[in-house]
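This is what each chain is made of:
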Amino acid sequence: MTYFQAIILGLVQGLAEFLPISSSGHLALLQYFFGVEPESVLLFAVLLHVGTLISVFVIYRRDIVELVIELFRTLKDLFTGRGLRINSSPTRRLGFMIIVATIPTAIAGLLLEDFFQGLYSSIIAIAIGLLLTGMILLIAERVGRDDKDVMGMKWRHAIFIGCMQGVAICPGISRSGSTLFGGLIAGLNREFAVKFAFLISIPSILGSVILEAPDAAAQGIDITMLGPIAVGVVISAATGILAIKTMIRVVAGKKLIGFTIYVWLVAIAVLGYSLIAL
């Protein structure tokens, strides 16, 4: 893998992980057209996810610190016999909602891992996923009139959003787009829907890193790859921060239509290419 390829892949991972255009779909397409075997860059892919994880921690560092502090308070309440007291504060309720939303995603990832992995080798499947992403964004553009915050959020809402995140394991379906769609359909206010979508990405991305790390480590590392890997990870983290900030503004301004048009154009181009290549 060259520095150019690492820069492009890092740029795409950072932007597409948080913009609603599907990082998995774009990375799979780039690897296909670059002629890069996914197995040969597995470690790089894992570290790119670490880069995007850093982005979330930077943007939502205050929320994350508050969640960690509230976790210890919850444990204290539990061990002193006061119970979980889920509704004692918005931060504590948010923590439990994140846990509940993560469960359907984890189940989908573990049970359907082989099926999802098989789709990555088909650019037609990726194109279909991008078309579905466009439809999701088109609907999300027109909903979100309710104004629920975390205290108005129900358990069923968290489960639904988690299921939408699980669907996004399919290549071409945007994780941020599908979870945002889930939050807006559930009636969350747009600002909180974005925050919740990105916060529940933490256990999702972290779980992906943990699952893929053993295979990546078993492959070892080519010392000549250290430079490109480092550059790619830094770029993915930096562009991830930019993408999150952009997404917050875009959702607040109800300007998702541009992303809908983009993913549909990419999908049409990929389908056209696949017909010519047959």
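As a starting point, this report considers the structure included with it. (Residues numbered from 1 in each chain as written. Predicted model: local features only at pLDDT ≥ 70, side-chain atom pairs only at ≥ 80, totals over all residues. Heavy atoms only, no water.)

1. What about the overall build of the protein?
- A count of helices and strands for the protein gives 13 helices and 0 strands.
- The N-to-C order of helical and strand elements in the protein reads α-α-α-α-α-α-α-α-α-α-α-α-α.
- Dimensions of the protein, computed from C-alpha atoms along their principal axes, come out at roughly 60 × 45 × 35 Å.
- Across the 278 residues that make up the protein, the buried fraction comes to 48%.
- Counted over contacts in the protein with a minimum sequence separation of 6, partners at least 24 positions apart contribute 81%.
- Split by element, the accessible area of the protein, about 13,400 Å² in all, is 70% carbon and sulfur.
- Each charge class in the protein was averaged separately, 20 positive and 17 negative side chains, and the resulting centres sit 15 Å apart. (Helix = DSSP H or I, 4+ residues; strand = E, 2+ residues; numbered from the N terminus. Buried < 20%, exposed > 50% of the residue type's maximum accessible area, 1.4 Å probe, protein only. Contact = heavy atoms within 4.5 Å. Areas by Shrake-Rupley, 256 points an atom, 1.4 Å probe, with all protein chains shown as cover. Lys, Arg positive; Asp, Glu negative; His and termini not counted. Charge placed at Lys NZ, Arg CZ, Asp CG, Glu CD.)

2. Section: the packing of helix α7 (residues 123-142) against helix α13 (residues 257-277)
- Here α7 crosses α13 at 160°, and the two axes come no closer than 8 Å. In terms of orientation, α7 lies roughly antiparallel with respect to α13. Two packed elements cross with a definite hand, and for α7 against α13 that hand is left-handed. Contacts between α7 and α13 involve I123, I124, A127, L130, L131, T133, G134, M135, L137, L138 and E141 from the first element and I257, F259, T260, V263, W264, V266, A267, V270, L271, Y273 and S274 from the second.
- For the contact of α7 with α13, the per-class residue count stands at 17 nonpolar, 4 polar and 1 charged. (Axes fitted to C-alpha atoms, helices over the stretch in contact; angles between N-to-C directions. Parallel < 35°, antiparallel > 145°, perpendicular 65-115°, else oblique. Left-handed = near helix turned anticlockwise from the far one by under 90°. Nonpolar A, V, L, I, M, F, W, Y, C, P; charged D, E, K, R; others polar.)

3. Brief notes about a nonpolar patch on the surface
- A contiguous nonpolar patch, built from V68, L71, F72, L75, L78, F79 and L84 and spanning about 690 Å² of accessible area, is present on the exposed surface.
- Tracing the sequence through the fold places L78 in helix α4 (residues 61-79). (Patch = residues over 30% accessible without salt bridge, like charges linked within 9 Å, V, L, I, M, F, W, Y side chains within 5 Å. Salt bridge = Lys/Arg side-chain N within 4 Å of Asp/Glu carboxyl O.)

4. Overview of the environment of C170
- By secondary structure assignment, the location of C170 is in the loop between α8 (155-167) and α9 (175-185).
- Distance in space between the C-alpha atoms of C170 and A267 is 15 Å, their sequence separation being 97 residues.
- For C170, the contacting residues outside a window of four places in its chain are S24, F116 and L119.

5. A short note on the side chain of T239
- The residue T239 is located in helix α12 (residues 226-252) in this model.
- Among residues more than four places away in sequence, those in contact with T239 are G10, L11, G14 and L15.

6. Concerning helix α1 (residues 3-18)
- End to end, α1 covers 23 Å across 16 residues, agreeing with the expected 22 Å (1.5 Å per residue, within 8%).
- Turning to α1, its buried residues are Q5, A6, L9, G10, V12, Q13, G14, A16, E17 and F18. (Expected span 1.5 Å × (residues − 1).)

7. With respect to the nonpolar core
- In terms of nonpolar packing, the biggest core is built from 63 residues, with Y60, L94, M153, L180, F196 and L256 touching the most fellow members.
- For L256, the residues in contact, after removing those within four places along its chain, are P20, L137, A140, E141, L180, M247, V250 and V251. (Core = buried A, V, L, I, M, F, W, Y, C linked by side-chain atoms within 4.5 Å.)

8. Structural notes on a positive patch on the surface
- Positive charge collects at one region of the surface, where R61, R62, K245 and R249 lie side by side.
- Breaking the positive patch down by element, the ones donating at least two residues are α4 and α12.
- If you trace the backbone, R249 turns up in helix α12.

9. A word on the pattern of salt bridges
- Taken as a whole and judged by the stated rule, the model has 7 salt bridges.
- The shortest N-O distance in the salt bridge between R73 and E70 comes to 3.3 Å. With a gap of 3 residues between them, R73 and E70 both fall in helix α4, about one helical turn apart.
- By relative accessible area, which is 7% here, E70 ends up buried.
- Ionic pairing is found between E70 and R92, a salt bridge with its closest N-O pair at 2.9 Å. In this pair, E70 is assigned in helix α4 and R92 in helix α5 (residues 90-111), connecting sequence segments 22 residues apart.
- The buried category is assigned to R92, whose relative accessible area is 4%.

10. Things to note about unusual backbone geometry
- A positive phi is found at S22, a non-glycine position, where the angle reads about 75°.
- Mapped onto the fold, S22 is located in the loop between α1 and α2 (23-34).
- Among the residues examined, S22 registers a relative accessible area of 1% and is labelled buried.
- If you check the backbone angles, R85 has positive phi at about 50° while not being a glycine.

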